[in-house]
Amino acid sequence: MRKQLLQNPVFAMAVEQFDSVAAFLNLSEDLSERCKWPKRLITVTVPIRRDDGRTEVFFGHRVQHHLTRGPVKGGLRYHPSVTLGEIAALAMWMNWKCALMDLPYGGGKGGISCDPRRMSPGELERLTRRYTMEMIPFISPETDVMAPDMGTNEQTMGWIADTYSTHAGHLVPAIVTGKPLTLQGSKGRVQATGYGVAFCACKSLEKLGVSVQGATAVLQGFGNVGSHAAATFAAHGVHVTGVSDVLGAIWNDRGLNLPQLRDHVAATGSVVGFAEAEPIDAAQLLCQPCDILAPCALDRAITGDNAAKLRCKILAEGANGPTTPEADRILDRRGDVLVIPDILCNAGGVTVSYFEWVQNLQRFQWEEQDVISKLEVILAKAMAKVGDFAQRHRLSNRMAAQALAIKTVADSKAARGMFP
Ligand code: NAD
């Protein structure tokens, strides 16, 4: 039954990773089962009135993997491929990410199967508000705190905050993170994930003895994560030579002019057609020579088909689940690509979300510099922890990161015991 409910290639990938880590940790069967399966799987129908007067019913999900260490934390995704199984996988990875960063959270994820690019702002607002109403019995600042993910943004979080607060009768800013600054969002949140990706990648270049200044980076995805990672790379002197989005990919050997590219994307909605670059095949982009390759879009971008062809020194995983287990095995065998696993590389977002939640609970606003310097301390500590563990146990960085995280969750579960 549970297999049918969660049948999905992304969930299968998360389970395969978990099973290898549980075997490495020698977790007891009891603890392993309790850690692996999600606590709550919620699916709701979300009916909305379309602009043309029709009623359309969408399916929305929220998966709360564990509440053992605190409220669940995780994004809300609007994408046509969203399924319960995919969301369950993303919730599981969020759980390990929060544990690795030592945040007092479990992992969660939500999503609605829809195509936000084909919906008007009014339709998206009605979709978000109705989904939030359906979720009210299951969310609160103490149980489940959402944030933006693919296809959602600050505005989406603003609508959730308003719907929840209207229901409560007073403003509850801590119900979501990644919300607009005027609703007590945090300074530094909007760029935090991309900033963290670039921070981890540049630190890793230094570790390899490669100069950051003048290094090259290629990014898949130019949304929140990709565009802010690109800007941070540029600020460190890294040339971003190629980027892609859902509509295509572009390339410039000398490095793209990012401020102009941002203007082009703001005007046209895509990186495609940018005058100061050549078009390039999107699959080919991933195999271009570069120092850093940062997949910042969908899961399963690096697979058994292209892993052997990558020509990067560092694979910086901005997206969640961008590398399949088969690709991992190929990269492990190659040994010449340093992988910064997703639960570490893109953890800047949830870390600053945590700061935002703390600020909301304290009714106190931090300065951006405080946010960024606290973020850097936490990321650097996690990087060192993963690097040491990987070296000591001769593991890949992904295995090391997940082992540290899963051990933390298992220890918390063991300490709490089992009810009844
Ligand atoms: P977004 O919606 O802002 O941007 C997504 C980008 O990916 C867009 O440029 C889109 O065109 C592109 N894209 C979609 N399909 C593509 C494809 N097949 N090929 C190339 N590009 C494609 O989303 P985001 O918030 O930037 O999230 C991107 C990834 O980062 C997701 O995996 C998400 O789970 C992960 N992530 C996001 C955050 C966050 O704070 N937003 C935090 C951690 C992880």
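Predicted, not measured: the structure shown is a model, and the values here were computed from it. (Residues numbered from 1 in each chain as written. Predicted model: local features only at pLDDT ≥ 70, side-chain atom pairs only at ≥ 80, totals over all residues. Heavy atoms only, no water.)

## Description of the domain arrangement of the chain
Under the convention used in this document: Residue ranges assigned to the domains are those given by an automatic or database domain assignment. The contact rule is simple, with two residues in contact once any of their heavy atoms fall within 4.5 Å. Values labelled buried area give the accessible surface lost by two parts on being combined, using a 1.4 Å probe and summing over both. One side-chain nitrogen of Lys or Arg within 4 Å of one carboxyl oxygen of Asp or Glu is enough to make a salt bridge.
Taken domain by domain, the chain comprises domain 1 (2–174) and domain 2 (192–340). Placing a centre on the C-alpha atoms of domain 1 and another on those of domain 2 gives a separation of 26 Å. The interface of domain 1 with domain 2 comprises 15 residues on the first partner and 13 residues on the second. Here domain 1 packs against domain 2, burying approximately 1000 Å² in sum over the two surfaces, 58% of which is carbon and sulfur. The tally of links between domain 1 and domain 2 comes to 1 salt bridge. Among the salt bridges present, the one from Arg329 reaches Glu16, with a minimum N-O distance of 3.2 Å.

## Some words on the sheet that holds strand E9 (residues 278–280)
Note the following rule: Here, strands pair whenever DSSP counts at least two bridges between them. Secondary structure follows DSSP: runs of H or I at least 4 residues long count as helices, runs of E at least 2 residues long count as strands, and numbering of each begins at the N terminus. Between N-to-C directions, angles cover 0 to 180 degrees, with each direction set by a line fitted to C-alpha atoms, over the stretch in contact for helices.
Sheet architecture is open: 7 strands sit in the order E9-E8-E7-E6-E10-E11-E12, paired in mixed fashion. The strands lining the two open edges of the sheet, one partner per strand, are E9 and strand E12 (338–340). Averaged over all adjacent pairs, the angle separating strand axes in this sheet is 20°, with direction ignored.

## Let's talk about the packing of aromatic side chains
The criterion, for reference: What counts as a ring pair is set by centres within 6.5 Å for rings of Phe, Tyr and Trp (its six-membered ring), and what kind of pair is set by the plane angle: stacked under 30 degrees, edge-to-face over 60, tilted for all other angles. Accessibility here uses a 1.4 Å probe with only protein chains present; expressed as a share of the type maximum, an area under 20% marks a residue as buried, one over 50% as exposed, and anything in between as partly exposed.
Applying the stated criterion across every chain yields a total of 8 aromatic pairs. With a centroid separation of 6.2 Å and an interplanar angle of 85°, the aromatic rings of Phe24 and Phe389 are classed as edge-to-face. Here Phe24, found in helix H2 (residues 9–25), pairs with Phe389, found in helix H14 (residues 368–393); they are 365 residues apart in sequence, far enough to count as distant. Residue Phe389 is classed as buried on the basis of its relative accessible area of 13%. Taken together, a centroid distance of 6.1 Å and an interplanar angle of 50° make the contact between Tyr354 and Phe355 tilted. According to the relative accessible area criterion, Phe355 is buried, its value standing at 3%.

## Structural notes on the sheet that holds strand E3 (residues 72–79)
A sheet is described by the order of its strands in space; here 5 strands give the open sequence E1-E2-E4-E3-E5, paired in mixed fashion. Because the sheet does not close on itself, it has two edges, and the strands there are strand E1 (40–49) and strand E5 (144–148). With direction set aside, neighbouring strand axes in the sheet form an average angle of 25°. Two elements, E3 and E5, share 5 bridges in a ladder whose sense is parallel. Its bridge partner being in E5, Gly75 is matched across the sheet by Ala147. Sheet strands touched by helix H4 (residues 84–100): E1, strand E2 (55–64), E3 and strand E4 (106–113). Its angle to E4, the strand with the most contacts, is close to 155°.

## Some thoughts on the pattern of salt bridges
Where charged atoms from two side chains of opposite charge come close, those side chains can pair. Scanning the model with the defined rule gives 26 salt bridges in all. Across the pair Asp144 and Arg62 runs a salt bridge, and its minimum N-O distance is 2.7 Å. Of this pair, Asp144 sits in strand E5 while Arg62 is found in strand E2, placing the two residues 82 residues apart along the sequence. Across the salt bridge formed by Glu356 and Lys179, the nearest N and O atoms sit 2.7 Å from each other. Of this pair, Glu356 sits in helix H13 (residues 348–362) while Lys179 is found in the loop between helix H6 (154–168) and helix H7 (189–208), placing the two residues 177 residues apart along the sequence. According to the relative accessible area criterion, Glu356 is buried, its value standing at 0%.

## Observations concerning helix H11 (residues 325–334)
Every buried residue belonging to H11 is among Pro325, Ala327, Asp328, Ile330 and Leu331, and all of these are buried. Buried residues along H11 sit against H2, strand E11 (314–316), E12 and helix H15 (397–416). Gly335 sits one or two residues past H11 and shows a positive phi near 70°.

## Notes on the packing of H2 against H15
The line we're drawing: Angles below 35 degrees are treated as roughly parallel, those above 145 as roughly antiparallel, those between 65 and 115 as roughly perpendicular, and all remaining angles as oblique. Under the scheme applied here, ten amino acids are nonpolar (Ala, Val, Leu, Ile, Met, Phe, Trp, Tyr, Cys and Pro), four are charged (Asp, Glu, Lys and Arg), and all others, including Gly, are polar.
Where H2 contacts H15, the axes come no closer than 9 Å and their chain directions differ by 70°. As summarised for this structure, H2 and H15 are arranged roughly perpendicular, according to the angle between their axes. Note on element contacts: H15 touches H2 through Arg398, Met399, Gln402, Ala403, Ile406 and Lys407, opposite Gln17, Phe18, Ser20, Val21, Phe24 and Leu25. Taken together, the residues that form the contact of H2 with H15 break down as 7 nonpolar, 3 polar and 2 charged.

## Here we look at H15
To keep things clear, this is the line we draw: Here a helix's expected span is defined as the number of its residues, less one, multiplied by 1.5 Å.
For H15, which comprises 20 residues, the first-to-last C-alpha distance of 29 Å matches the rise-based estimate of 28 Å (1.5 Å per residue) to within 8%. Taken together, the buried positions of H15 are Arg398, Ala400, Ala401, Gln402, Ala403, Leu404, Ala405, Ile406, Val409, Ala410, Ser412 and Lys413.

## A word on a nonpolar patch on the surface
Just so we agree on the cut-off: Think of a patch as exposed residues, more than 30% relative accessible area, with no salt bridge, where like charges cluster within 9 Å and nonpolar side chains (Val, Leu, Ile, Met, Phe, Trp, Tyr) cluster within 5 Å. Here, Shrake-Rupley sampling with a 1.4 Å probe gives the accessible areas, and only protein chains in the shown set may cover a residue.
Together, Val246, Leu247 and Val272 line one region of the surface with nonpolar side chains, adding up to about 290 Å² of accessible area. With respect to the helices and strands, the residue Val246 is situated in the loop between strand E7 (239–245) and strand E8 (248–251).

## Quick word on the state of the cysteines
Put simply, the rule is: The rule for a disulfide is simple: a pair of cysteine sulfur atoms within 2.5 Å.
All told, the structure shown has 0 disulfides when counted by the stated rule. Here Cys98 is not disulfide-linked; the sulfur of Cys35 is the nearest cysteine sulfur, at 15 Å.

## A short note on the nonpolar core
For clarity, the cut-off: As used in this record, nonpolar core signifies buried Ala, Val, Leu, Ile, Met, Phe, Trp, Tyr and Cys residues forming a set joined through side-chain atoms within 4.5 Å.
Within the largest apolar cluster, 98 residues are counted, with the highest numbers of intra-cluster contacts made by Phe233 and Leu261. The element best represented in this core is H4, accounting for 13 residues. If you count residues domain by domain, this core takes at least three from each of domain 1 (2–174) and domain 2 (192–340). In this structure, Ile48, Ile112, Met157 and Ile160 belong to the second largest nonpolar core, which totals 25 residues.

## Here we look at the site of the ligand
The cut-off we apply is this: The criterion for a residue being near a molecule or strand is simple. One of its heavy atoms has to lie within 4 Å of it. We define a polar contact as two N or O atoms separated by no more than 3.5 Å, with the added condition that, inside protein, one atom must be a possible hydrogen donor and the other a possible acceptor, whereas residues neighbouring each other in sequence contribute only through side-chain atom pairs.
Taken together, 23 residues form the shell around the ligand, and within it Asp149, Thr193, Val225, Ala297 and Asn320 come nearest. With respect to the ligand, the backbone of Val246 contributes an N or O atom lying 3.0 Å from an oxygen atom. A distance of 2.8 Å is found between an oxygen atom of the ligand and a side-chain nitrogen or oxygen belonging to Asn320. Expressed as a share of its isolated accessible area of 830 Å², the protein-covered part of the ligand is 84%. Those elements that place two or more of their residues in the shell around the ligand are H7, helix H8 (224–235) and E7.

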